[in-house]
Structure formats: structure tokens, C-alpha cells
Amino acid sequence: MNALRCSLVAVTALCIAAGQSAVAQADLHAAARAGDPAVVVDLLAAGADVNASNAEGLTPLHLAALRGDAKTVQLLLAAGADVAGRDGLGRTPLHYAASAGAGSAIELLLDAGADVHAFDAGGQTSLHRAARWARLDAITALVAAGADLNARDAAGRTVFDVFGTDTRPDVDGTGDGGELDGPPTGYPTYDELVLILQSRAAQYPAICRLLDLGPAAGTAGRRLWALKITDNPDAQEDEPEFKYISTMHGDEIVGMEMCLYLIDLLLSGYGTEPRLTTLVNEVEIWIVPLMNPDGYMLNRRTNANGVDLNRNFPEGVQGDPNTVTGRAAETKAIMEWSFGQSFTLAANFHGGALVVNYPFDNDGLGSVFSPTPDEDLFVYISEEYSRYNLPMWNGSWYHGITNGAAWYSIDGGMQDWSYRYMGCNEVTIELGNTKSPPFTQIPGYWDNNRESMLAYLEKCLIGVRGIVTDAVSGRPLAATVNVVGRNHNIYTDPDVGDYHRMLMPGTYALRFEAANHDPLVVSNVVVTAGAATRLDVQLYPQAAVLYPNGGENLPVNVPINVTWAGNPAAQFHVQQTANYGQTSVVSDGFESGTLGSAYTTGGNQPWYVVAGGAHSGSYSARAGAIGNSQRSWMTRAAAGGALSFWYRVSSEADYDWFDFYIDDVRQLHRSGTVAWTYYSTTLPPGEHTLRWEYSKDVSGVSGSDTAWIDDLELVTDATVWTDIVALTAPGATSVPWTPTVPSTSCKVRVRAYLGGQYSGWDESDAVFAVQAGGWPLGDLNCDHAVDFGDINPFVLALTNPAGYAQAFPSCRIENADINQDGRVDFGDINPFVRLLTGP
């Protein structure tokens, strides 16, 4: 019995170990694909087989090479990965590193003995693969390693024949070039596509317009085109704006056909199919079937200049400015078009997988789950697309969806740009594992995607919607709408003032803000399933100082009334200063041993002051001791003027970074070993926010693993504001004030308080003076007394201001403004009489 028990225990242990190993093996492939070296190390330690193949014959090394992740490649090679292993297509890891253009990974594989002459099942070498994707750095490295420029694949093509640009590369110095083939058989050429779009716009002029978005990057003169479908195509209406974009990767072409099918469905069904008619009537629908026309005509991923357009948009994690400077022509066209719209919902179509990929693609954490503040919404709308596409819903991903960074992280993706910078919810839809399937399969794709495309489009009508207007003039406002508790803004269409905030059912508080207006928070907004809740909002103009508003010469110790205009329901906070515009230069070598109150710190660990290793003195400021996939930051305010500091970095080169930002725009991006280095600039006038940050990737440590700053010099605002009144009664528009400090740099300012929050300050337009030895209010003859001798001058000031100024050139006509309303008129008579005669 004991022997039997021991045998059963041993068998059970072996089964458990085998199960754990199988799980580790599957996870190892996923970690290699995602480029997560820390997880790779753990899984190898758990017994995963470094050379095991998945269903496609891919080993973890193949997947790491395809991602171009040199760190993971190095780990796998060190664990014994087979550099010559072949997948189901006969390709080695070097083939995939060449396709990715991963120079560091290529060097590691070559050093490990990879065969630069190895052919895949199609007779292509790694050099063919690098040329196919126009990876110039990879081509250079492979040629230097002895790759044969004249090697031919099974179709007889050399590297020159498969190179993916309008003109093939001059890698051998001959200057030869060559034009490549067009799209696969059956698919329309670029010119045929344009004719299709033009014909639809001509055939349905009541609901359709064709817009030229701008040129592509190539020399063939191709352009990007957008088709607009809506019931009043020449008018701006209170309706959400939606866009489908396809084929930003030129060889991922199914989405282009899906867009053409949808165009025909909407146009032909309008007026006869109630559902389609409703969509066209209630949504402004934009469709860009082909974002990369040159890449499409070359049947390759990148544009004519070798740019991957889905790595070319501003990257929010890196603080890129939302400008088209330095962008590819196609990216520029989409961005400039989007700047003129107010999109609510979007999707862009790709190929090579079967899944809906939703943001974030990158949140600075690497290839790990990276949700947006609207995770619940993105899961819902992604599943609404997938659920009607049964191959997608029942495919490799649960319910056919994935968070982008959880799959693998990328920089410069379009969906993250749309969400972060433009306030538009956008997902990336991978339509199939084959990027360019035979044209005969397209009807089957349409069967799978027709209902999904319509259902997804309809989701722009959920949540809460309305119009934001000015409470006084009634004009529409360019406003920002934010759900309290969610760090994400959307924006109104300033032409109409309409907003469309997609939300799941629930109860929310919404904050509305517009330039020069008081913000407003509306609580207990109930969102139900179905059509969006209606919430129109009026914003009052921000409080505006009327008097003193600049240029006045007020006597010291003489009461006046500070006056303003503002929201009649608000209370007001009123302040004054006698040293407006004064600044001071701050030099901080952190020798106090602590950060002062001027600094704000945050992240996973705060910055702090440390002894030793300073640029000068004994102390410097250092980033917090953070772990992998973490960050540490520090901020402080500065005024216009000279700014400088010294910084030092000791980190894992090209993986862990020190960054410096001014007003959220990155100025420094350094890693590796950086000795004390001086940075200086001149800030423009006004207030600015400085931020220093240290961040780490998913694994690895090098050096001291931190950054320091020292000897900071900057200009700060030294203006001192003091209260005239902390809060007035609701609706007040004036408050008495007696200036007591003579100065030529005086201002007053006022802000509204309503619903538990303050609006922005409005200051006097310019400084005014408070003069010692001045004349009291009502002293019109300037004898420093208010008596009957002031009656005739008062009448003259009231009836003939020019005559008064001539008769009393040293006096102030403002002394006749007895009721302090900013005007000298008949409303001052009774107050003047009371001033003369007493209470």
C-alpha cells in the first residue's frame, strides 16, 4: 500500500510539473512576442523550453526577433535558443529580425552564428525580408555580414525586385532603381479607387461629399480622400462625428474593401432602410478607405519613404507636441483634417491578426495591461464590434478583444493620439490573419463585418450629449467636457457647441470649461442604456474687472469702490496688489537638505535631497528609488526669464530615462551614463510648470539607476496679493476698498465662486497708481477739502468734461465719480450732495 501510494504521489507530481511547464511554455511565447524580458526570465526559471515551437512553428526566439527586442533576444540566446531554428515557413529568427529592421537583434543573432545565406520556403534570404520592408539599417548590416545581393527567391526576384520604395535602393553603388507591382489581382488600383469615390459623391449629392485631405509622400502624385455621408453634408449640426480609416499599412487591404462596401450600403439604403437612414440623419460619417496610397500600390506596409504611419503620430507618454512638424505627409493630412473636426468615435482597420485592439497602446509601462480612464467603455464598444464577427469573437483572444499594450506596446500609434490629444475614442481592428487575401474572399469578410461595422458606428450615440453656450450672448462655445474622476477631456464642436460624451450607464458629475468663462460642474447626471442623455449647458463669462482697470491715479487713503461684472448667482473673491510684475531670482543648490514647499513630487516614489555626489556643495536632488515599470517626478512653478540647472544620469542605456518638461513639452530625454551637464534656456513671459522625471522599463538595472539635478536657477513671480474681501454676497458687483500703499504697480483682481469651485482670476487690464498726497473723492478744485467750493467745478465736470480739464489741469475728473461706477454722470449728483452736507 505504501509503495502504491508513493507511486501515485510521484505520478501526480509529474503531472502537476508537466501542467506547470505547459503553462510556462505558452506564457513564454506570449512574453517573447510582447517583449517582456522580466517575465521571460521568470518563465525560463519555471522550466519553459526555450526551443519549443507553437502551432506555426515559431519559437520564442522567432517572436522576440520579430518584435526587434534585443534584450529578450539576448536572454533567449543565453538560455540556449536555437539561432538556426525554422518555423512553418522555413524562416529563421534572422529572417524576422530583418523584417523588423532590428539592428541590435540582427547583430546578436549574427554573433550567435545565424546564417545570413539561409533561404526560407519561398527561397528568400533575410536580406530579401529586410528589403521587402525597406529596412535600410538592416540591409546595411546584412550586406556587411556577407549577404548576397544577387540571390534570387523562388520567383526569381533579387533584393532590388522586392525593395519597398518607389525607387529601389542603391545598396551596391550602381544607382539602379525599379518600380514595383501594384495591389493583388482583383483589388482596385489607386486610380480606380478614386473613380469609385468620385462616382459615389456624384451619384448621391444630397448626402455625400468627397474631400481631398492632402498628398501622400511619394512622387506619383497620389492623395488621401475622405468621403462624408450625412443628411446635410454642407451644414454643421448637433450630431456626433464618426470616422473609419483603413490601410494605413499598405499591405493590409481588407479594411479598404470593407469601407467601400459600407459606403455603398449607407448610400443605397438611405431613405429605404430605417436603420441606415437613422444613422445618416443622426451622425456625420467620414470614411477614409485608403490612408497609405503609395504603400498600397507597392503592396507594402510603409509609405513611399519607408515610414510606418502607425508609429508616426504624437506620443503622449513622451510629451510630444500635437503638431504636424516632422510628420509623414499622410500623418500630417489625417492630423490637419482631424483638427478641423470634433470626432466622437473612430476605428482604423488593419490585417495580420483577428482582434479588436483598444487603447492604450502605450502608457509608459511597457508591454503590460495599460487601461485608459474609460476602460469600461472601451471593453464594451470593442466587444460590440467583435460579438457580431463570430470568427473574431471565438478566436484566440477572449471575446475577440485585447488592450493594446497588453498585446505589445508601440510608440506613435494613431488610436492613442486620437484619445489623448483629440478626445476621440478610437480602436484598431485587425480583420484577419492574412493581410492581403485573395480578392475572391472579400465577400466572406463583408459577411463577417457588416453588422459589426454598423453596430460599432451606432455606439457614438450613447452616453450624454448637449450644447454648450454663452449664458449672456447665447453663442456656441469651444468648451472642454470632463467626467469628474476620469482624467480625460473631450471637446465641443465650436461651430455648434455640441458635445457627445460616450459613457456606460451610471450616474456621473460632468465639468464644463471654456476660455474666459466660469467652469460649471453638473452632478447626478444619469446615463441609461440606449440613446444619450440630453444635457445642455450655459456658461457665464468670467468675472471682469471694471474699475480700477488700469491707468488710474488714485489718492492714498481715500475710499473707492472696486467694481466688476460677473455671474449673478456667484460670490466673488477680490484681491489687490501694490507690486504687480515683481519677480525674484531663485538659486537652489538644495543645501537645506530638503525640498521646499515650492516643489511637488509624485510617481511611485518621490524625488528627494541626497548628500554626496553633488555638482557643487554637499547636496543635490535625486529621483526616487523606483522599480521596473515605475516613474518618479518632481515639479515646480517658474516665471518668464532665465532658467538653468545641472543634471546627471546613471541608468540602463536606451531603456531607463531622465526627462525634463516645460509646460508638458519634453526638453531633455537622456539615458545611460551622463556626467554633470548644464542645461539653460529662457522662458517666455508668463507662468510655467517645470517637471523632472525618471522612468524605468520592464526590466534591467545599470549604474546607479537614477538621475540627479543641482544648482537650479530660475525666476519666480514675487507679486503679493492680499484680500479685499474673501467672498462677497451672491451677485455682488462692487466692494469698497481704501488703498493705503502708494505705488505705481497696483492691480486688483476678482474671481467667481460657485458650486464649491473657483473660476479663473480676471485682473485689471493694466497697472494703476496710488499716489500719496492725493485729493479726496469729491474734491474737484484740488484744495484737499470737499466743500461748497467744489460745487461749480462739479457741475463743470458733469456737463463739460473738456472744459473742466482745461480749467483744472492738475485735478482728476475721476473725483467727480462719486458713486464709483466708472462714469461721471447724473447718477453722481445725489451722492455729491450727501458728501457735501453729511449724513
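Residues numbered from 1 in each chain as written. Predicted model: local features only at pLDDT ≥ 70, side-chain atom pairs only at ≥ 80, totals over all residues. Heavy atoms only, no water.

Peer 1: Just checking my understanding: could you explain the sheet that holds strand β3 (residues 241–246) for this structure?
Peer 2: For sheets, the rule is that strands pair by backbone hydrogen bonds, running either parallel or antiparallel. Taken in spatial order, the eight strands make up an open sheet running β1-β2-β4-β3-β5-β8-β6-β7, and their pairing is mixed. The open sheet has two edge strands, β1 (208–215) and β7 (401–403), and neither has a second partner. Across the sheet, the mean angle separating the axes of adjacent strands is 20° when strand polarity is ignored. Note: β1 against strand β2 (residues 223–229), seven bridges, orientation antiparallel. Paired with Leu210 across the two strands is Leu227, which belongs to β2. On the sheet, helix α15 (residues 375–386) packs against β3, β5 (343–350), β6 (353–358), β7 and β8 (425–432) and is oriented at approximately 35° with respect to β8. (Pairing = 2+ DSSP bridges. Helix = DSSP H or I, 4+ residues; strand = E, 2+ residues; numbered from the N terminus. Axes fitted to C-alpha atoms, helices over the stretch in contact; angles between N-to-C directions. Contact = heavy atoms within 4.5 Å.)

Peer 1: Explanation requested: helix α3 (residues 60–67) in the structure shown.
Peer 2: An α-helical turn contains 3.6 residues, so a residue and the one three or four places further along point in the same direction. When you tally the buried positions in α3, you get six out of eight residues, the bulk of the element. Within α3 the residues assigned to the buried category are Pro60, Leu61, His62, Leu63, Ala64 and Ala65. Gly68 sits one or two residues past α3 and shows a positive phi near 75°. (Buried < 20%, exposed > 50% of the residue type's maximum accessible area, 1.4 Å probe, protein only.)

Peer 1: Could you clarify how one ought to interpret the pairing of strand β10 (residues 479–483) in this entry?
Peer 2: On a regular strand, one side chain projects to one face of the sheet and the next to the other, so that they alternate. Most of β10 sits inside the fold, with four of its five residues counted as buried. Relative to strand β13 (residues 506–514), β10 runs antiparallel, the two sharing five bridges. Looking at β13, one finds that Asn482 is bridged to Arg511. Two successive antiparallel strands, β10 and strand β11 (residues 489–491), enclose a turn made up of five residues, where Gly485 displays a positive phi of approximately 95°.

Peer 1: So what exactly am I meant to see when it comes to the pattern of salt bridges here?
Peer 2: It is possible for side chains of opposite charge to pair when their charged atoms get near one another. Under the criterion given, the structure shown has 35 salt bridges. A salt bridge links Glu384 to Arg387, with the nearest nitrogen and oxygen atoms 2.8 Å apart. Where Asp821 meets Arg823, a salt bridge forms, and the shortest distance between an N and an O atom there is 3.1 Å. Three or more residues are tied together by salt bridges with common partners; here these are Glu252, Arg301, Asp308, Arg311 and Lys435. (Salt bridge = Lys/Arg side-chain N within 4 Å of Asp/Glu carboxyl O.)

Peer 1: So what exactly am I meant to see when it comes to helix α8 (residues 136–144) here?
Peer 2: The set of residues buried in α8 consists of Ala138, Ile139 and Leu142. Here the buried residues of α8 occupy an arc of 100° about the axis, which is enough to place them on one side. Exposed residues on α8 whose side chains face more than 90 degrees from its buried face are Asp137, Thr140 and Ala144. Tucked into the core, α8 has its buried residues touching α5 (93–100), α6 (103–111) and α7 (126–132). (Arc of directions from axis to C-beta.)

Peer 1: I would appreciate a short explanation of the sheet that holds strand β14 (residues 520–527) in the present structure.
Peer 2: What the four strands build is an open sheet, ordered β11-β10-β13-β14; its pairing is antiparallel. Across the chains shown, the open sheet's two edge strands, defined by having one partner strand only, are β11 and β14. Recorded for the sheet is a direction-independent mean angle of 30° between the axes of neighbouring strands.

Peer 1: Where do I start with the packing of aromatic side chains in this structure?
Peer 2: Working definition: an aromatic ring pair is given by the centre-to-centre distance plus the angle between the planes. In total, this model carries 32 aromatic pairs according to the counting rule given. The interplanar angle of 70° and the centroid separation of 4.8 Å between the aromatic rings of Phe645 and Phe660 together place this pair among those described as edge-to-face. With a gap of 15 residues between them, Phe645 in strand β25 (residues 631–650) and Phe660 in strand β26 (residues 657–662) connect regions that are remote in the sequence. Residues Phe645 and Phe660 agree in their burial class; the two are buried. The side chain of Arg420 reaches across the aromatic face of Phe360, ending 3.9 Å from its centre. Above the face of the Tyr580 ring, Lys747 is positioned so that its terminal group lies 3.9 Å from the ring centre. (Phe/Tyr/Trp six-rings, centres within 6.5 Å; stacked < 30°, edge-to-face > 60°. Lys NZ or Arg CZ within 6 Å of the ring centre and 35° of its normal.)

Peer 1: Help me understand the pairing of β2 in this model?
Peer 2: Burial runs high along β2: six of the seven residues are buried. Summarising the sheet, β2 and strand β4 (residues 284–288) pair through three bridges and their orientation is antiparallel. Across the sheet, Leu227 pairs through a bridge with Ile287, a residue of β4.

Peer 1: Can you help me understand the state of the cysteines in this one?
Peer 2: The term disulfide refers to a covalent linkage connecting the sulfur atoms of a pair of cysteines. For the coordinates displayed, the defined rule picks out one disulfide. Here Cys782 pairs with Cys811 through a disulfide, and the sulfurs are 1.5 Å apart. Of this pair, Cys782 sits in the loop between β35 (768–771) and α20 (791–799) while Cys811 sits in the loop between α21 (801–807) and α22 (829–837); the two residues are 29 residues apart in sequence, bridging distant segments of the chain. Just as Cys782 is buried, Cys811 falls in that class too. With no disulfide of its own, Cys208 lies 13 Å from the sulfur of Cys259, the closest cysteine sulfur. A residue is classified by how much of its surface remains accessible, and Cys259, at 1% relative accessible area, is buried. (Disulfide = S-S within 2.5 Å.)

Peer 1: Would you take a moment to explain the nonpolar core for this structure?
Peer 2: Nonpolar side chains in soluble globular proteins tend to end up buried together. Counting residues in hydrophobic clusters, the biggest one holds 81 residues, and the most contacted among them are Ile229, Tyr244, Tyr385 and Phe512. Excluding residues within four positions of it along the chain, Tyr244 makes contact with Cys259, Leu262, Trp286, Ile287, Val288, Ala347, Phe349, Tyr385, Ser452, Met453, Tyr456 and Leu457. (Core = buried A, V, L, I, M, F, W, Y, C linked by side-chain atoms within 4.5 Å.)

Peer 1: Explanation requested: the environment of Tyr187 in the structure shown.
Peer 2: Its location among the elements puts Tyr187 in the loop between α9 (159–162) and α10 (190–203). The class of Tyr187 is buried, set by a relative accessible area of 5%. In this structure the C-alpha to C-alpha distance between Tyr187 and Ile442, which are 255 residues apart in sequence, comes to 9.7 Å. Among the polar contacts made by the side chain of Tyr187, one reaches the main-chain carbonyl oxygen of Pro437 at a distance of 2.7 Å. (Polar contact = N/O pair within 3.5 Å; in protein donor to acceptor, adjacent residues only side chain to side chain.)

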